[in-house]
Amino acid sequence: MSLFKARDWWSTVLGEKEEFDQGCLCLADVDNTGNGQGDGAQAEDMLLEVHLRDPILQVEVGKFVSGTEMLHLAVLHSRKLCVYSVSGTLGNVEHGNQYQIKLMYEHNLQRTACNMTYGSFGGVKGRDLICIQSMDGMLMVFEQESYAFGRFLPGSLLPGPLAYSSRTDSFITVSSCRQVESYKYQVLAFATDADKRQETEQQKLGSGKRLVVDWTLNIGEQALDICIVSFNQSASSVFVLGERNFFCLKDNGQIRFMKKLDCSPSCFLPYCSVSEGTINTLIGNHNHMLHIYQDVTLKWATQLPHIPVAVRVGCLHDLKGVIVTLSDDGHLQCSYLGTDPSFFQAPKVESRELHYEELDIELKELQKIIKDVNKSQGIWPMTEREDDLKVSAMVSPKFDSVSQAADVEVGTDLVPSVTVKVTLQNRLALQKAKLSVYVQPPLVLTCDQFTFEFMAPEMSRTVAFSVYLKGSYTPSELEGNAVVSYSRPSDINPDGIPRVIQCKFRLPLKLICLPGQPSKTASHKLTIDTNKSPVSLLSLFPGFANQSEDDQVNVMGFRFLRGSRVTLLASKTSQRYRIQSEQFEDLWLITNELIIRLQEYFEKQGIKDFACSFSGSMPLQEYFELIDHHFELRINGEKLEELLSERAVQFRAIQRRLLTRFKDKTPAPLQHLDTLLDGTYKQVIALADAVEENQDSLFQSFTRLKSATHLVILLIGLWQKLSTDQITILEAAFLPLQQDTQELGWEETVDAAISHLLKTCLSKSSKEQALNLSSQLNIPKDTSRLKKHITLLCDRLAKGGRLCLSTDAAAPQTMVMPVGGCTTIPESDLEERSIEQDSTELFTNHKHLIVETPLPEVSPLQGVSE
């Protein structure tokens, strides 16, 4: 049982399938016995039940009958107001007392009623007057048995809660404008009668009979209820319960305090506090809770079995402070606050001696087991040996007879397409299997999404799609990826456990490349060394042999569909291969394809010790030029977007000016606003076109930058003979993004990753490890910091640095500079200043990358010989 649950003293359920509201509960001495209860009555007895035929909107108890100060019951119906007398007689049998209800008088209403309030209007003594508010905003005042007058509230749209303040003799309500409004009774009494709504000439001259509000306060929300609290004659407070706040106002409408509520309220009741100068408030909410506030401080919270729509506090059977709540479905409960005593006693804990040395040994053993498991299994749990689903992809060795890229033009060449078939073989029944295929742009697919609602056990499904080039630039990779997400049903989860499996496939080089004429000269060259005799290029690239140059087996030309050319040369005796091109990024695909085909060739020959290496200088200068170009496009894109935003604001401002001129009843000259609008519109269109063009250029530049990055990672791996895990770390650092955006770009992401490597596994001292890296990735001012970190990374690797993700590698390493490689890079600003004069000598031979052992100067078309 909850500690803060309301203690049920008495409860019952009223009616059957009836609805109740805040006006349906009234706590009073309706039978005038003087003690708040019937003689001999029990709390569980129903004293009286009468069927009144009409729906009841509200009940109140007051001095509503003339000639007597006894309390009577007023019942408000939609079209009638009835006043009853409730009396009891002593019973002579065991059933107890008998209670009767007698109609004293009634008023038939001309308008549909909403709610009512009562009080000693105008300061009358010994009797209460009733004020009824209609649905159309009319206040009807009844002086007991007679109708007094009716007044329409100005600007009334929907009726709100209504209350009467006896101290100021005014009515307070909340209008549909979300304003608390106060009207003096004297102003209402002397204002124009409700039947004479049209203004007369006397009113226009200022006779003083217009209904004027005393004060208003904008609370910014609809009100649920209003209560007037006056515990002494010197001051009173107006409490307003809103949808999210409750307000305490002074008599003049000034805010005394307000409280923002955490939950949506349903009812409230202010009552006197034991502390002088403070007021307690009961607030019920839709979370079955009743909160007790002392001004704005929460003093107690108790849980109710229902959502209260009305709450009262009274004295029943000499029990003071009983909380009476009523729900909308008729649950009536009398409860009190408090807690039940706890009879639970915590059991005694057996004391035992702790051997801290044994606990330390056990803790170290457990940590070692956890560390070994993480090293062997990785982060993800091991899967079952027999997979639920097997995915395989097969690329057709021939092009499609009818190309799927019929509407695509890349220069003057016809764009071919190749078919890829993906096969799914499942061992168990699978649900909602979805196949997604991804290739590097500008390669596109005829269909990239396939859905299988249900796959029966031991079932095989095959889908086919075509891939072709759609764009005037070269993709960064020829590798595609097929990912299948599916759900495997289980006993615990019949809907299925989500799982993912993927399969990679490699597209043919001839999809984007054609045989071309070898070039004698090129701006960018690099040489790959091997440990085996050179292989004929015709056997490595059988589909790219030039028919007119069959005798040139050691030279081969490639021409990409977008027009750029790459030349591949093989030395007959020096175990070297040279790749050269006019564009640095174009070297990547041919170099990678050469290494893959060499590895496949020697594997077929049964040779397992084949290896490639790179001994030239790192082509960082060419790489940095691509980085600068990409960064320049990003900066240009930001400037264009700022200009476009400014012009759009200007365009909207001119539109507002013109709209104001057109709405003006008095025609005024446009003052060339139409010309300015037309010129601004043309600027907006031109800037939008420029933004789109810059985005296309940025996307192509990012693709070229990824190609160059792949090439640099490949050369670093061959240069330092890095393992597969180390190359994976480099790829994660240099290629963290699949798509480049203005909010998160390649430069700041790569700089953060490389800085982390330099701070951890490639750190030179413990001082570098203590440096704190920025947690925010913002676009840098320039690329100098990034280029410095990339150069420093190459220098640390040249000095013997080791890439590793484990914490053991973060210790300072002793680095030895190998023979050859990069020039020493400064580690601090002081060291950097000392070699500023020699900075121009770094990577000066960037046009010809082979420095130490260059190939002989021989015409490429005549072969390479020593």
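See the structure above.
Draft legend 1. Expanded view of the overall build of the protein. A count of helical and extended segments in the protein gives 12 helices and 38 strands. Taken over 866 residues, the protein has a buried fraction of 42%. Carbon together with sulfur atoms contributes 51% to the accessible area of the protein, which is approximately 48,900 Å² in total.

Draft legend 2. The nonpolar core, seen in detail. Counting 101 residues, the largest nonpolar core has Leu435, Leu507, Phe558, Tyr623 and Phe734 as the members making the most contacts within it. If you tally residues by element for this core, the top one is helix α7 (residues 673-720), at 11 residues. With 16 residues, the next largest nonpolar core counts Phe64, Val65, Ile132 and Phe142 among its residues.

Draft legend 3. Structural detail: the packing of aromatic side chains. For the structure shown, the criterion picks out 21 aromatic pairs. Arranged with centres 6.0 Å apart and planes meeting at 45 degrees, the rings of Phe149 and Tyr185 form a pair that is tilted. One end of the pair, Phe149, is in strand β9 (residues 146-152); the other, Tyr185, is in helix α1 (residues 185-190), with 36 residues separating them in the sequence. One exposure class covers both Phe149 and Tyr185, and it is buried. Centroid distance Phe246 to Phe257: 6.3 Å. Interplanar angle 90 degrees. Geometry classified as edge-to-face.

Draft legend 4. View of helix α9 (residues 746-759). Under the 1.5 Å per step criterion, the end-to-end length of α9 is 20 Å for 14 residues, consistent within 8% with the ideal 20 Å. Burial runs high along α9: 10 of the 14 residues are buried. Where α9 is concerned, the buried positions are Trp746, Glu747, Glu748, Thr749, Val750, Asp751, Ile754, Ser755, Leu757 and Leu758.

Draft legend 5. Broad picture of the sheet that holds strand β3 (residues 72-77). If you trace the 4 strands from one edge of the open sheet to the other, you get β2-β3-β4-β5, paired in antiparallel fashion. Looking at which strands have only one partner, the edges of the open sheet turn out to be β2 (56-62) and β5 (98-108). Here the average twist between neighbouring strands, direction ignored, is 25 degrees. Pairing of strand β4 (residues 80-89) with β5 involves 10 bridges; the strand directions are antiparallel. Note that in β5 the partner of Ser85 across the bridge is Lys102.

Draft legend 6. Expanded view of the state of the cysteines. A full pass over the atoms with the stated rule returns 0 disulfides. The thiol of Cys227 is not disulfide-bonded; the next cysteine sulfur, from Cys267, is found 10.0 Å away. Classification of Cys227 by relative accessible area gives buried; the value is 17%.

Draft legend 7. Quick look at the packing of helix α6 (residues 620-663) against α9. Direction vectors running N to C along α6 and α9 enclose 130 degrees, while the axes themselves pass 10 Å from each other. Classified by the angle between their axes, α6 and α9 sit oblique to one another. Across the interface between the two elements, Tyr623, Ile627, His630, Phe631 and Arg634 from α6 touch Trp746, Glu747 and Glu748 from α9. Of the residues in the contact of α6 with α9, the class split is 4 nonpolar, 1 polar and 3 charged.

Draft legend 8. The arrangement of the side chain of Ser175 in detail. With respect to the helices and strands, Ser175 occurs in the loop between β11 (170-174) and β12 (179-184). By relative accessible area, Ser175 is classed as buried at 12%. A polar contact is formed between the side chain of Ser175 and the side chain of Glu181, at a distance of 3.2 Å. Here Ser175 is in contact with Glu181 and Gln222, once residues within four sequence places are set aside.

Draft legend 9. Examining the pairing of strand β21 (residues 297-303) more closely. Here strand β20 (residues 289-294) pairs with β21 via 6 bridges, running antiparallel. In the sheet register, Tyr293 faces β21, and the bridge partner there is Leu298.

Draft legend 10. Structural view of the environment of Ile172. Along the chain, the position of Ile172 falls in strand β11. As for Ile172 and Val238, which are separated by 66 residues in sequence, their C-alpha atoms are 8.6 Å apart. Non-local contacts of Ile172, meaning those with residues more than four positions away in its chain, are made with Pro161, Leu162, Ala163, Ser165, Val180, Glu181, Ser182, Trp215, Ile226, Ile228 and Val238.

Draft legend 11. Region of the structure containing empty space enclosed by the protein. Enumeration according to the criterion identifies 1 cavity of 30 Å³ or more in this entry. Estimated volume of the largest cavity: approximately 70 Å³. Together, Tyr473, Thr474, Pro475, Phe560, Arg562, Glu585, Asp586, Trp588, Leu589, Arg704 and Ser707 line the largest cavity. Breaking the lining of the largest cavity down by element, the ones donating at least two residues are α5 (587-604) and α7. Of the residues that constitute the lining of the largest cavity, the class distribution is 5 nonpolar, 2 polar and 4 charged.

Draft legend 12. Geometry of unusual backbone geometry. Note that the residue after Pro441, namely Pro442, is joined by a cis bond; omega there is 10 degrees. Tracing the chain through its elements places Pro442 in the loop between β27 (430-438) and β28 (443-445). Unusually for a residue other than glycine, Arg53 sits at a positive phi of about 70 degrees. Within the secondary structure, Arg53 is located in the loop between β1 (7-13) and β2. One non-glycine residue, Asp295, lies in positive phi territory at about 60 degrees. Inspection of the secondary structure assignment puts Asp295 in the loop between β20 and β21.

Draft legend 13. Structural view of a nonpolar patch on the surface. Taken together, the side chains of Trp9, Leu319 and Tyr336 make up a nonpolar region of the molecular surface, amounting to roughly 250 Å² of accessible area. Taking relative accessible area as the criterion, Leu319 reaches 31% and is therefore assigned partly exposed.

Draft legend 14. Molecular detail of α5. An ideal rise of 1.5 Å per residue puts 26 Å on 18 residues; α5 measures up with 26 Å between its terminal C-alpha atoms. Burial in α5 covers these residues: Leu587, Trp588, Leu589, Ile590, Thr591, Asn592, Glu593, Leu594, Ile595, Arg597, Leu598 and Phe602. Gly606 sits one or two residues past α5 and shows a positive phi near 85 degrees.

Draft legend 15. Looking closely at the pattern of salt bridges. If you walk through the whole model with that rule in mind, you get 16 salt bridges. In this structure, the salt-bridge partner of Asp251 is Arg167, at a minimum N-O distance of 2.3 Å. Linking Asp251 in the loop between β16 (245-249) and β17 (255-260) with Arg167 in the loop between β10 (162-165) and β11, this pair joins segments that are 84 residues apart in sequence. A residue is classified by how much of its surface remains accessible, and Asp251, at 19% relative accessible area, is buried. Judged by its relative accessible area of 37%, Arg167 is partly exposed. The partner of Arg576 in a salt bridge is Asp529, and the shortest N-O contact between them spans 3.3 Å. Linking Arg576 in strand β37 (residues 576-581) with Asp529 in strand β34 (residues 524-530), this pair joins segments that are 47 residues apart in sequence. The exposure class of Arg576 is buried, given its relative accessible area of 14%.

Reading the values: the criteria
- Along every chain, residues carry numbers that run from 1 in the direction the sequence is written.
- In keeping with the predicted nature of the model, local features appear solely for residues at pLDDT of at least 70, side-chain atom pairs appear and are counted solely at 80 or more, and the whole-chain, interface and lining totals rest on all residues.
- Values reported for side chains reflect all heavy atoms of the structure, with hydrogen atoms and water molecules removed beforehand.
- Counting from the N terminus, the helices are the DSSP runs of H or I reaching at least four residues and the strands are the DSSP runs of E reaching at least two.
- Classification of residues uses two cut-offs on accessible area relative to the type maximum, computed with a 1.4 Å probe and protein chains only: under 20% is buried, over 50% is exposed, and between them is partly exposed.
- Only the protein chains shown count as cover for residues, and the accessible areas themselves come from Shrake-Rupley with a 1.4 Å probe.
- Among buried residues, the Ala, Val, Leu, Ile, Met, Phe, Trp, Tyr and Cys ones that are joined through side-chain atoms within 4.5 Å form a nonpolar core.
- Pairing of aromatic rings covers Phe, Tyr and the six-membered ring of Trp, with a centre-to-centre limit of 6.5 Å; geometry is then stacked below 30 degrees between planes, edge-to-face above 60, and tilted otherwise.
- A helix is expected to span 1.5 Å multiplied by its residue count minus one.
- Strands were regarded as paired on the criterion that DSSP finds at least two bridges between them.
- As a rule, the C-alpha atoms of each element are fitted with a line to give its axis, helices using only the stretch in contact, and angles between N-to-C directions run from 0 to 180 degrees.
- When two cysteine sulfur atoms lie within 2.5 Å, the pair is treated as a disulfide.
- In these notes the angle categories are as follows: under 35 degrees is roughly parallel, over 145 is roughly antiparallel, 65 to 115 is roughly perpendicular, and the rest is oblique.
- Residues count as neighbours in contact if any of their non-hydrogen atoms are within 4.5 Å of one another.
- Amino acids outside the nonpolar list (Ala, Val, Leu, Ile, Met, Phe, Trp, Tyr, Cys, Pro) and the charged list (Asp, Glu, Lys, Arg) are all regarded as polar, and Gly is one of them.
- Throughout this description, a polar contact denotes any pair of N or O atoms lying within 3.5 Å of each other; where both atoms belong to protein, one of them has to be capable of donating a hydrogen while the other can accept it, and for residues adjacent in sequence the pair is counted only when both atoms sit in side chains.
- Put simply, the grid is 1 Å and covers the protein atoms alone, a cavity is a trapped set of points that fit a 1.4 Å probe, a pocket is an open set with protein on both sides within 12 Å along at least five of seven lines, and lining residues have an atom within 4 Å of a point.
- Grid points are joined across faces, edges and corners, and a volume is the space filled by probe spheres set on the points.
- What makes a patch is a set of residues exposed beyond 30% relative accessible area and free of salt bridges, joined within 9 Å when like-charged and within 5 Å when nonpolar (Val, Leu, Ile, Met, Phe, Trp, Tyr).
- Basic side-chain nitrogens of Lys or Arg form a salt bridge, by our definition, when they fall within 4 Å of a carboxyl oxygen of Asp or Glu.

From the geometry alone we can't say anything about function, so treat these as descriptive.
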